[in-house]
Amino acid sequence: MINCTATFSILAIIALVVCVACNSSPGRPAADSAAVRPDQIVDFAVLYGQNCAACHGSNGKGAAAIALGDPVFLAIADDAAIRQTITNGVPGTPMPAFAGSAGGMLTDKQIDAIVCGIRSWAKPDALRNVTPPPYATKVAGDPHLGADVYATYCSSCHGPDGHGGSKASSIVDGSYLALTSDQDLRTNVIVGRPEFGAPDWRGDVPGHPMYAQEISDVVAWLAAQRPKVPDQPFANTSVDHAEKGLP
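Keep in mind that this is a model prediction, so the values were computed, not measured.

## Thoughts on the overall build of the chain
At step 1: The number of helices and strands found in the chain is twelve helices and zero strands.
At step 2: When the helices and strands of the chain are placed in sequence order, the string is α-α-α-α-α-α-α-α-α-α-α-α.
At step 3: Restricting to contacts in the chain with at least 6 residues of sequence separation, those with at least 24 account for 66%.
At step 4: Of the roughly 14,200 Å² of accessible surface on the chain, a fraction of 60% belongs to carbon and sulfur atoms.

This is the structure in structure tokens:
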């Protein structure tokens, strides 16, 4: 007579062995290896590495584009300006829109994570109580005055006519200006590009930092050198953006 209890016990043991063997079989995904949907990633390091580092450098140290971790940049650009630029990009430049609502791939939550991560690089005491020029302006610069400002602050590096000197390349190159907005020019004048040896607004002439109006004037002069390209969107953009609350 067959012992049913013994039979069931043997079958249970066999089933257990089979399950254990399957769980440990080569190639079986681990329990914590499930893929995360791209729109669910909110880790700043991952998001920055995938979307920002190629242009702005690892850890915000700068590359083709400005260093987002620069303490001067973070002192003049508030979270709203950074978020606006990430969300909508800068039309006509290499900076694309990243928000899903503007044709990009990131959610609002992911953009918030990037903004917070960039802000974490700020150094509150970096300027040592010095008030920097405003990030944007509602006052248009004067290109005629800007020529004199350029000669005073910029020509020693970029050459007397802006076409390059012994220390820096051309700042009036048509291709460069065609891909650079007025706001980008203003930001570069204020923040500098220290990773390339270009000082911020305080260091062009030792002991004589640039005034806010001088910055606006030299940006207007630079913008006036931009090739007249059809549908070029950059005329007075630093003023227009300030009036609209845009970067």
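That shown, we press on.
## Remarks on the confidence of the model for the chain
At step 1: Of all residues in the chain, 80% attain a pLDDT of 70 or more, and the chain-wide mean is 87.
At step 2: For the stretch residues 243–247, pLDDT sits under 50, and the model shows nine contacts to residues farther than four places along the chain or on other chains.

## Topic: the packing of aromatic side chains
At step 1: Enumeration over the complete set of coordinates arrives at four aromatic pairs.
At step 2: Seen from their ring centres, Phe44 and Tyr48 are 5.7 Å apart, and the 50° between their planes marks the pair as tilted. Of this pair, Phe44 and Tyr48 both sit in helix α2 (residues 44–51), four residues apart, which is roughly one turn of the helix. There is no split in this pair, since Phe44 and Tyr48 are both buried.
At step 3: Taking the centre distance of 5.4 Å and the plane angle of 65° together, the rings of Phe44 and Trp121 count as edge-to-face. Of this pair, Phe44 sits in helix α2 while Trp121 sits in the loop between α6 (108–119) and α7 (143–153); the two residues are 77 residues apart in sequence, bridging distant segments of the chain.

## Concerning the environment of Lys61
At step 1: Inspection of the secondary structure assignment puts Lys61 in the loop between α3 (53–56) and α4 (71–76).
At step 2: Residues Lys61 and Glu195, spaced 134 residues apart in sequence, show a C-alpha to C-alpha distance of 7.6 Å.
At step 3: Look past the residues within four positions of Lys61 in its chain and what remains in contact with it is His56, Ala67 and Glu195.

## So, the side chain of Thr85
At step 1: Examined against the element boundaries, Thr85 turns out to sit in helix α5 (residues 79–88).
At step 2: In this structure the side chain of Thr85 is engaged in a polar contact, spanning 3.0 Å, whose partner is the backbone oxygen of Ala81.

## What about the packing of helix α10 (residues 182–191) against helix α11 (residues 212–224)?
At step 1: Two elements in contact, α10 and α11, have axes separated by 9 Å at closest approach and are oriented at 130°. The angle between the axes of α10 and α11 places the two elements in the oblique class. In the crossing of α10 with α11, the sense of the turn from one axis to the other is right-handed. Note on element contacts: α11 touches α10 through Ala212, Ile215, Ser216, Val218, Val219, Leu222 and Ala223, opposite Asp182, Leu185, Arg186, Val189 and Ile190.
At step 2: Considering only residue class, the contact of α10 with α11 consists of nine nonpolar, one polar and two charged.

## So, the nonpolar core
At step 1: By size, the foremost hydrophobic cluster in this structure holds 43 residues, and its most contacted members are Phe73, Ile82, Ile86, Ile114, Ile118, Met210 and Val218.
At step 2: At the level of elements, α2, α4, α5, α6, α7, α10 and α11 are the ones that each hand at least two residues to this core.
At step 3: Residues contacting Ile118, with those up to four places away along its chain left out, are Phe44, Leu68, Leu74, Ile82 and Ile86.

## Examining the pattern of salt bridges
At step 1: Summed over the entire model, instances satisfying the criterion amount to six salt bridges.
At step 2: Here Arg119 ties to Asp79 by a salt bridge, and the two come within 2.7 Å at their closest N and O atoms. Linking Arg119 in helix α6 with Asp79 in helix α5, this pair joins segments that are 40 residues apart in sequence.
At step 3: Judged by relative accessible area, Arg119 falls into the partly exposed class, the value being 23%.
At step 4: Residue Arg226 pairs with Asp182 through a salt bridge whose shortest N-O separation is 3.0 Å. Highlighted residues: Arg226 in the loop between α11 and α12 (237–244) and Asp182 in helix α10, separated in sequence by 44 residues.
At step 5: According to the relative accessible area criterion, Arg226 is buried, its value standing at 5%.

Parameters and conventions
Residues numbered from 1 in each chain as written. Predicted model: local features only at pLDDT ≥ 70, side-chain atom pairs only at ≥ 80, totals over all residues. Heavy atoms only, no water. Helix = DSSP H or I, 4+ residues; strand = E, 2+ residues; numbered from the N terminus. Contact = heavy atoms within 4.5 Å. Areas by Shrake-Rupley, 256 points an atom, 1.4 Å probe, with all protein chains shown as cover. pLDDT = per-residue confidence, 0-100. Phe/Tyr/Trp six-rings, centres within 6.5 Å; stacked < 30°, edge-to-face > 60°. Buried < 20%, exposed > 50% of the residue type's maximum accessible area, 1.4 Å probe, protein only. Polar contact = N/O pair within 3.5 Å; in protein donor to acceptor, adjacent residues only side chain to side chain. Axes fitted to C-alpha atoms, helices over the stretch in contact; angles between N-to-C directions. Parallel < 35°, antiparallel > 145°, perpendicular 65-115°, else oblique. Left-handed = near helix turned anticlockwise from the far one by under 90°. Nonpolar A, V, L, I, M, F, W, Y, C, P; charged D, E, K, R; others polar. Core = buried A, V, L, I, M, F, W, Y, C linked by side-chain atoms within 4.5 Å. Salt bridge = Lys/Arg side-chain N within 4 Å of Asp/Glu carboxyl O.

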